[in-house]
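# Summary of structural features
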Amino acid sequence: MSTVQGARARARTEITAAIKGEARKQLAAEGASKLSLRAVARELGMASSALYRYFPSRDDLLTALIVDAYDAVGEAAERALAQAAPADAPAERWVAVCGAVRTWALAHPHEYALIYGSPVPGYTAPQATVGPASRVALVLIGIVRDAHQGRGIAVPRPAPGLRAEGERMAADFAPGLPPAVGPALVAAWAQLFGLISFELFGQFHRVVEERDAFFAHAAGALASSVGLVLPGE
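The rules behind the values
- Residues numbered from 1 in each chain as written.
- Predicted model: local features only at pLDDT ≥ 70, side-chain atom pairs only at ≥ 80, totals over all residues.
- Heavy atoms only, no water.
- Helix = DSSP H or I, 4+ residues; strand = E, 2+ residues; numbered from the N terminus.
- Buried < 20%, exposed > 50% of the residue type's maximum accessible area, 1.4 Å probe, protein only.
- Contact = heavy atoms within 4.5 Å.
- Lys, Arg positive; Asp, Glu negative; His and termini not counted.
- Charge placed at Lys NZ, Arg CZ, Asp CG, Glu CD.
- Axes fitted to C-alpha atoms, helices over the stretch in contact; angles between N-to-C directions.
- Parallel < 35°, antiparallel > 145°, perpendicular 65-115°, else oblique.
- Nonpolar A, V, L, I, M, F, W, Y, C, P; charged D, E, K, R; others polar.
- Salt bridge = Lys/Arg side-chain N within 4 Å of Asp/Glu carboxyl O.
- Phe/Tyr/Trp six-rings, centres within 6.5 Å; stacked < 30°, edge-to-face > 60°.

### Description of the overall build of the chain
When you go through the chain residue by residue, the secondary structure sums to 11 helices and 0 strands. Out of the 233 residues belonging to the chain, those deemed buried represent 41%. Sequence separation of at least 24 residues holds for 72% of the intrachain contacts in the chain that already meet a minimum separation of 6. Looking at charge distribution, the chain has the averaged site of its 22 positive side-chain charges lying 6 Å from that of its 22 negative ones.

Here is the structure:
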């Protein structure tokens, strides 16, 4: 790459980052549904036509922000797993990953709301968001798979009427795990983000006071629901 090409690439990267940064400010102030390319361009002192060379539409900019948010929370989950002590039980790794996801969400409430809050009217997420959106789930599935292949897990009891569904889930995203684990994993994944959303969006106000301890307990219960047992239990 020539010096000129390198400078152009760096400039494009910097401008793209500035556009996303301003868009995140709009998310915080107005919400995703009111995100406006013209407003972003105005705040950055750019012509709208210039901004369109980076993001041709509002949906393209939304997609970029959504992918960034999914990647950020996914990286938090992956980092928590990588930092777990070798002696940690699988259930302890699970709780650590869940805690890292919660910590990220509390530190980035508007980005969390973008990916796990109300759908943005008129926006349909493209296929490009699927991989980033799967990162947290893949970390949790990996913990259960490692436990099953290594120290073993207490396989959940099959849910009545879900044998075929469990087999499909195992084939789709949890190969090598018993069919009963698939529905338990999906339920735990949904409950994890339900817990975080309740806390972040105010439903725990005057209900849960010791929130760190409550979340750790709830995350441990989710670990148990997929067959992982905390030490001492």
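### So, unusual backbone geometry
One non-glycine residue, Arg 206, adopts positive backbone phi at about 65°. Examined against the element boundaries, Arg 206 turns out to sit in the loop between helix 10 (181-200) and helix 11 (211-225). Taking the relative accessible area as the measure of exposure, Arg 206 reaches 71% and is therefore exposed.

### Considerations on the packing of helix 5 (residues 90-107) against helix 8 (residues 135-149)
Look at helix 5 against helix 8: their axes get within 9 Å of each other, and the N-to-C directions meet at 170°. The orientation of helix 5 relative to helix 8 falls into the category roughly antiparallel. For the pair helix 5 and helix 8, the contacting residues are Pro 90, Arg 93, Trp 94, Val 97, Cys 98 and Val 101 in the first and Val 136, Val 139, Leu 140, Ile 143, Val 144 and Ala 147 in the second. Along the lines of polarity and charge, the residues of the contact of helix 5 with helix 8 split into 11 nonpolar, no polar and 1 charged.

### Let's talk about the pattern of salt bridges
Counted according to the given criterion, the structure contains 11 salt bridges. Of the charged contacts, one joins Arg 24 and Glu 111 as a salt bridge, the two residues approaching to 3.8 Å between their closest N and O atoms. Here Arg 24 is found in helix 1 (residues 3-30), whereas its partner Glu 111 is found in helix 6 (residues 109-116), with 87 residues between them in sequence. Using a relative accessible area of 26% as the deciding quantity, one classes Arg 24 as partly exposed. For Glu 111, a relative accessible area of 18% puts it in the buried group. Measuring nitrogen to oxygen at the nearest pair gives 2.9 Å for the salt bridge that ties Asp 212 to Arg 102.

### Looking at the packing of aromatic side chains
The full count for this structure, using the stated rule, is 8 aromatic pairs. Relative to Tyr 116, the ring of Tyr 112 has its centre 5.0 Å away and its plane inclined at 40°; by these criteria the two rings are tilted. One end of the pair, Tyr 112, and the other, Tyr 116, are both in helix 6, 4 residues apart, so they sit about a helical turn from each other.

Everything listed here is a matter of geometry and, on its own, says nothing about what the molecule does.
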